[in-house]
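# Results of the structural survey
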Amino acid sequence: MAIFVRSLSPRIMTTRRDFLKRGSATLGALAVGPSLLAANSPHAELAKAPGTVPLRVHALPPVYTDAATRELMMEALDAAKRYGASWADVRISRNRNNSVQTREQQVTDVVDTDTMGCGVRVLVEGCWGFCATQELTKPGVGAAAQEAVAIAKANRVAQDRRVTLAPAPAHPNATWRSAYTVDPFTIPIEQKADVLLRANAEALKVPSVRFVNSGLSFIKEERNYANTDGSVITQDYVRSWVTLSCTAISADRTQTAVRGPEVVQPAARGWEYVLGADIVTNAQKWGEEAAEKLTARSVDVGRYDLILHPSQLFLTIHESLAHPTELDRAMGYEANYAGTSFIAPPEKVLGQLKLGPPMMNLIGNRSEVGALATIGYDDDGVQPNDFHIVKDGMFNDYQTTREQAPWLDWWYKKNGQPSRSHGCSYAQSWADVAFQRMPNVSLQPGDKDVSWNDLIAATDKGIAMIGRSSYSIDQQRYNAQFGAQLCYEIKGGKIVGQLKDVAYQMRTPDFWNSLDMLGGQSSYEFGGTFNDGKGQPGQSNAVSHGCPPTRFRNVNVINTGRAS
Amino acid sequence: MSIPSTFPQRLMAAPVGVLTRAESEALVSRALKFSRADAARVSVNSSRETNLRFADNQISTSGATTNTTIRVQSVFGKKKASVVTNDRTDEGLRRAVEHSEAMAKLAPEDPEYLGELGAQQYNRVTTWYDSTAELTADARAKAALTALAPARAGKELTVAGYIVCSASAQAIGSSAGLFAYQRSTSANYTLTARTNDGTGSGWAGVDHNDWTQLDHEAVAQHAIDKARRSRNPVAVEPGRYTVIFEPQATADLVSSLGGALQARAADEGRSAFSRPGGTKVGEKIMDERITLVSDPADPLIPASPFDGEGLPISRQTWIENGVLKQLAYTRFWANKQNRTPTGNASSLRMLGGTDTLASMIASTTRGVLVTRLFYLRPVDARTLVYTGLTRDGTFLIENGKIARSIKNFRFNDSPLFMLNNLEGIGASVRTAGGDGGPGVAMPTIKVRDFNFTSLSDAV
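Residues numbered from 1 in each chain as written. Chains lettered and ligands numbered in written order. Predicted model: local features only at pLDDT ≥ 70, side-chain atom pairs only at ≥ 80, totals over all residues. Heavy atoms only, no water.

## Regarding the overall build of chain B
Filter applied, for reference: Only DSSP runs of H or I reaching four residues or more are called helices, and only runs of E reaching two or more are called strands; each is numbered from the N terminus. Our radius of gyration is a C-alpha quantity, and the globule rule it is checked against amounts to 2.2 Å times the number of residues to the power 0.38. Only protein chains enter the calculation, and the probe is 1.4 Å; a residue is then buried if its accessible area is under 20% of its type maximum, exposed if over 50%, and partly exposed in between. We call two residues in contact whenever any of their non-hydrogen atoms come within 4.5 Å of each other. Surface accessibility in these figures is a Shrake-Rupley result with a 1.4 Å probe; residues are shielded only by whichever protein chains are displayed.
Counting its secondary structure elements, chain B contains 11 helices and 19 strands. Relative to its length of 459 residues, chain B is compact, with a C-alpha radius of gyration of 24 Å against a globular reference of 23 Å. Taking the principal axes of the C-alpha coordinates as reference, chain B spans close to 75 × 60 × 35 Å. Looking at chain B residue by residue over its 459 residues, the buried ones come to 61%. Sequence separation of at least 24 residues holds for 73% of the intrachain contacts in chain B that already meet a minimum separation of 6. As displayed, chain B has an accessible area near 16,400 Å², and 47% of this comes from carbon and sulfur atoms.

Pasting the structure below:
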């Protein structure tokens, strides 16, 4: 048990030594090619804005499963079988985070996190067991496999039904990389701080803006996976988020107004995405929006037509449709924490529950380029597929893993579809067990080329809402209340000014059935988060939701201000 | 600090659990030895967490995770950066130190950096129990059976629960001579029982540092009883009600006060405790029966006697007899304002009163009894108005008795308003809603005019 094979660890994956070499090198120029930017960034033109530095290309290192990691994974699987597992999988990953946080003229925190370890999951007579260790040695991963088996065996006394997994093809030599072109971990810290501090300075030019907080967060993971079906998979992904919040304060200190911090949507892209967001140019506008909010009119309660921008609507999709269509939730697996689902039981709602008008289509996917949940293979070793959660307004399918897909055999048989996992298994790191997590769940744009401005022009009495703000929903996802960072009053097809203290309260099925206009393909955008919490112990999932700006008729708006 | 020339091999062997004081100190020393910075701080967190989940009347996932992370903060002048690694080899520590130094040199100055703390004196607090640290998988499965067995036998209930135990040690050392060490265990069990007709749901939980103090049978009984009683809820008009909050519900809303008590935000004019020209310290801001404290040595909810910088934390009284006594000062803000740093307002305890749940129900003509709250989010930072919903057992009280189960409500209200409208207060108990996070002790309270704004169909 106590043998430490010291030489193995540093050879695993890219070593920390390689990382250090790259991370601390003074890269005088950014590793971005203009052609790559044009192909991959939704804001490519912004990257040429004043203040950005010349571009230069560095090729990303190849993705492969290195021999030492493969050997350790095989040892974990062999040990699991030796101790009595009927099926097992193993993840060995390197999880890295980089964070730079600032306020006004100063940097408040610079943190780089880099952990490696191994998680082994086993099935023994249909019972799950899991164990994670940081000991990346053969005895270390073997001991983890042994403990995972011991935990599964202990649980047999309380077993009721056996877990069975949907079959999935093995992927013996698979690799995948997310859509980034510049690894943010190669960008020196002073360059990151510089972007943030210059943006802060621009926002502080607005007189009533007294405080600005901004930050950059990056995640990079090298994820190695193997299972007893014969899959060996290595994936490399990067996620980037830039946040900025402007706080305006009235002269008498009685009013506070905030714009942000989610002014730029996070993406599964690299440093090129941060440059594309061009926060230095945009910061003053965000500051002015906060300042204007100080003197905005407090909303009159009542019913309004709402035009929701993708930066606001994505979270409503996430909370009211994406969570309740997680099959584990619908089956009661999250009853003790996040709750259950109004879209249940499956046999009473699949193909029968009308969630919206015929123009409404909602697709679960892990394939949209740059979206946060996009991945080549999930943590069951499954290549995900795209699937209609809502088809022509009707509820059509749930998010599933290999454990869950067989629960819906009857439905897939009825529709002449194969019974397979949609590839929604995910663990936030090597230290955590995989379970069903949300893929990207995206509302499809309408057939016509309708824009944000077209929706406003078509609306007589309404409110246009931009940016996520306060959000709350019940444990079955019926009753929700959502605010926004910016709310604009619409009268006679025109925006007449900002409103404050606005939130809409809704009952999910009524709300989605009030959808009556969808923006077109050119108005489709992603919103997302790094921090979708689920499970006990809690894990964060990063997920995006694509959607067009969308109109909802006659929605109940409340006033959240002090007088209420 | 003495620096051993070679670190014992056994500490790097598998499986490594929670480090002792000596092991932690040796690891801190080994990292500091590599430092070439003006100042450095090394924090070591070693932990072993075990858990078991069950749902749909069967065990779902369960596991164990062991890890040790080392955080190195390097400082040159006022330039600083931190690196976190879980590589405990000499080579790994050297890389972490060198990388943090390279980043610190490139980082802009942090004018708020005050230097590292030197050696400190800490109060002794007992937060470790071997019973929790040494808990076996068999014991966890047996505990789960206390809920699974009755649920399966009766055919009318479905249970979902979570058992989580952790054993951890936190150590902090600095180049200025600081060394702090505290090891802690926590055991937490929560259970939701739902009736199979889908109309009733009940929740209960228990939390302690010592596993042997958890009464699993009592939790099962409580949650199952609530699920049965909450069946077939009826709709009652939203509006302002007299509400009795059970301790978990009190904790759910009052805990939000903790983060809002920051002195800096108040001084900057952007908090609920700001006022034109200053802060509300010294003013009566809530009912005189309300006293809110944080005390690491509180035997009901013991906590670490130091914060993340190694600063000693002593008992702090935030609100006393309804008067805002003081706000929370970081080292920087305390230094700037010529005050004493306090640590954060966490591990909150509201001192209890002499009322009981029964007496508070008996004295209520018409009101609502709330088990717990869910999905709380701030809607106005200046008033601390939050929105959220009731969950897992909401009842109408009529003429001094629990009359019937009612549908859940959404509320929009502030703990500040709520604690001004106090009608009754019971004994303070340790709550379990934090899944084994910092302890929180709250009483059952009764308040008038609480603002329920809409109905929810959720069960």
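## Notes on unusual backbone geometry
Residue Pro261(A) is reached from Gly260(A) by a cis peptide bond, and omega for that bond is 0°. Topologically, Pro261(A) is positioned in the loop between β7 (256-259) and α7 (271-277). In the segment running from Gln536(A) into Pro537(A), the intervening peptide bond is cis, with an omega of 0°. With respect to the helices and strands, Pro537(A) occurs in the loop between β21 (525-534) and β22 (539-547). With phi around 45°, Asp278(A) is a residue other than glycine that occupies positive phi space. Counting through the fold element by element, Asp278(A) comes out in the loop between α7 and α8 (279-294). Located in the positive-phi region is Asn321(B), a residue other than glycine, with phi close to 50°. With respect to the helices, strands and loops of the structure, Asn321(B) is situated in the loop between β11 (316-320) and β12 (323-324). The partly exposed category is assigned to Asn321(B), whose relative accessible area is 45%.

## A few points about the sheet that holds strand β10 (residues 362-365) of chain A
Residue and element names in this part refer to chain A. Selection criterion: The pairing criterion for strands is at least two bridges between them, as found by DSSP. Geometry is summarised by axes, namely lines fitted to C-alpha atoms with helices restricted to the contacting stretch, and by angles between N-to-C directions that run from 0 to 180 degrees.
Ordered by their spatial adjacency, 4 strands build an open sheet running β12-β11-β10-β15, and the pairing between neighbours is antiparallel. At either margin of the open sheet sits one strand with a lone partner, and together these are β12 (394-395) and β15 (440-443). Pairing of β10 with β15 involves 4 bridges; the strand directions are antiparallel. Within the sheet, the bridge partner assigned to Ile363 lies in β15 and is Ser442. Sheet contacts for helix α9 (residues 310-322): β10 and β15; angle to β15, the most-contacted strand, approximately 110°.

## As for the interface of chain B and chain A
Where we set the bar: Note on definitions: buried area is the accessible-area loss of two parts on being combined, 1.4 Å probe, summed for both. Each reported salt bridge corresponds to a side-chain nitrogen of Lys or Arg within 4 Å of a carboxyl oxygen of Asp or Glu. Polar contact is the term for a pair of N or O atoms within 3.5 Å; when the atoms are in protein, one must be able to donate a hydrogen and the other to accept it, and sequence-neighboring residues count only if both atoms are side-chain atoms. Residues are grouped as follows: Ala, Val, Leu, Ile, Met, Phe, Trp, Tyr, Cys and Pro are nonpolar; Asp, Glu, Lys and Arg are charged; all remaining types, including Gly, are polar.
Residue-level contacts link 103 residues of chain B with 91 residues of chain A. Surface buried jointly by chain B and chain A totals about 7,900 Å² across both partners, of which 48% is contributed by carbon and sulfur atoms. Linking chain B with chain A are 6 salt bridges, by the criterion used here. Linking Arg161(A) and Asp56(B) is a salt bridge whose minimum nitrogen-to-oxygen distance equals 2.7 Å. At the junction of chain B and chain A, the tally comes to 49 residue pairs in polar contact (both at pLDDT 80 or more). The leading source of residues in the side of chain B that touches chain A is strand β2 (residues 58-76) of chain B, at 13 residues. Residues belonging to the side of chain B that touches chain A are distributed by class as follows: 36 nonpolar, 34 polar and 33 charged. Here strand β2 (residues 106-124) of chain A pairs with strand β3 (residues 79-85) of chain B via 4 bridges, running parallel. Along β3(B), the bridge assignment pairs Asp112(A) with Val83(B).

## Brief notes about α8(A)
The α-helix advances 3.6 residues per turn, and as a result positions three or four apart in sequence lie on the same side. Rules: Helix span, expected: 1.5 Å multiplied by one less than the number of residues in the helix.
Counted at 1.5 Å a residue, the expected span for α8(A) with its 16 residues is 22 Å, and the 22 Å between its end C-alpha atoms agrees. Along α8(A), the positions that sit buried rather than exposed are Ile279(A), Val280(A), Asn282(A), Ala283(A), Trp286(A), Gly287(A), Glu289(A), Ala290(A), Ala291(A), Lys293(A) and Leu294(A).

## Notes on the packing of helix α6 (residues 189-203) of chain A against α8(A)
Residue and element names in this part refer to chain A. Filter applied, for reference: The labels follow the angle: roughly parallel below 35 degrees, roughly antiparallel above 145, roughly perpendicular from 65 to 115, and oblique for the rest. Working rule for handedness: look at the near helix, and if it is turned counterclockwise from the far one by less than a right angle, call the crossing left-handed; if clockwise, right-handed.
For the pair α6 and α8, interaxial distance at closest approach is 7 Å and the crossing angle is 30°. Of the possible angle classes, the one that applies to α6 and α8 is roughly parallel. Here α6 and α8 pass one another in a crossing that is right-handed. Where α6 abuts α8, its residues Val195, Leu196, Arg198, Ala199, Glu202 and Ala203 lie against Ile279, Val280, Ala283 and Gln284. Classifying every residue of the contact of α6 with α8 gives 7 nonpolar, 1 polar and 2 charged.

## Overview of the state of the cysteines
Residues and elements named next belong to chain A. Spelled out, the test is: Throughout, a disulfide means two cysteine sulfur atoms within 2.5 Å of one another.
Within the structure shown, the criterion is met by 0 disulfides over all chains. Summary of cysteine pairing: Cys131 is not part of a disulfide, and the nearest cysteine sulfur, belonging to Cys118, is at 8.7 Å. Distance from the sulfur of Cys487, which forms no disulfide, to the nearest cysteine sulfur (Cys547) is 16 Å.

## Thoughts on the nonpolar core
Residue and element names in this part refer to chain A. Under the convention used in this document: Throughout this description, the term nonpolar core refers to a set of buried Ala, Val, Leu, Ile, Met, Phe, Trp, Tyr and Cys residues connected via side-chain atoms within 4.5 Å.
Trp271 and Ile279 are the most contacted members of the largest nonpolar core, which totals 63 residues. Apart from the residues lying within four places of it in its own chain, the contact partners of Ile279 are Val195, Leu196, Ala199, Val242, Val264 and Trp286. Residues Leu321, Ala373, Ile463 and Ala484 belong to the second largest nonpolar core, which totals 57 residues.

## Some thoughts on the pairing of strand β16 (residues 461-473) of chain A
Residue and element names in this part refer to chain A. Burial analysis of β16 places 11 of its 13 residues in the buried class, the great majority of the element. With 4 bridges connecting them, strand β9 (residues 302-308) and β16 associate as parallel partners. Paired with Leu308 across the strands is Met465, a residue of β16. Pairing of β16 with strand β17 (residues 479-491), which is carried by 10 bridges, proceeds in the antiparallel orientation. Counterpart to Ile466 in the pairing with β17 is Leu486. Two successive antiparallel strands, β16 and β17, enclose a turn made up of 5 residues, where Arg477 displays a positive phi of approximately 75°.

## Some thoughts on the packing of aromatic side chains
We count it as follows: Between the rings of Phe, Tyr and Trp (Trp by its six-membered ring), a pair exists once the centres lie within 6.5 Å; its type follows the angle of the planes, with under 30 degrees stacked, over 60 edge-to-face, and the other angles tilted. Placement of a positive charge over a ring is assigned whenever Lys NZ or Arg CZ falls within 6 Å of the ring centre and within 35 degrees of the normal to the ring plane.
Scanning all chains against the criterion turns up 23 aromatic pairs over all chains. For the pair Tyr504(A) and Phe511(A), a centre-to-centre distance of 5.6 Å together with 10° between the ring planes defines the contact as stacked. A relative accessible area of 0% places Tyr504(A) in the buried class. One aromatic cluster in this structure is built from Tyr241(B), Phe245(B), Phe409(B), Phe411(B), Phe450(B) and Phe452(B). If you follow Arg82(A) out to its NZ or CZ, it ends over the ring of Tyr83(A), 6.0 Å from the centre.

## Considering the packing of helix α5 (residues 138-155) of chain A against helix α4 (residues 137-154) of chain B
Two numbers describe how α5(A) lies on α4(B): the axes approach to 8 Å, and their chain directions differ by 30°. With respect to α4(B), the axis of α5(A) lies roughly parallel. α4(B) is crossed by α5(A), and the crossing has right-handed handedness. The residues of α4(B) that touch α5(A), namely those facing Ile151(A), Ala154(A) and Asn155(A), are Ala137(B), Asp138(B), Arg140(B) and Ala141(B). The class makeup of the residues in the contact of α5(A) with α4(B) is 4 nonpolar, 1 polar and 2 charged.

## A word on the side chain of Thr444(B)
All names here are of chain B. Structurally, the position occupied by Thr444 is in strand β19 (residues 441-456). Classification of Thr444 as buried rests on a relative accessible area of 10%. Here Thr444 is in contact with Ile244, Phe245, Glu246, Pro247, Thr250, Leu357, Met360, Gly424, Ile425, Gly426 and Ala427, once residues within four sequence places are set aside.

Geometric descriptors of this kind do not, in isolation, establish any biological role.
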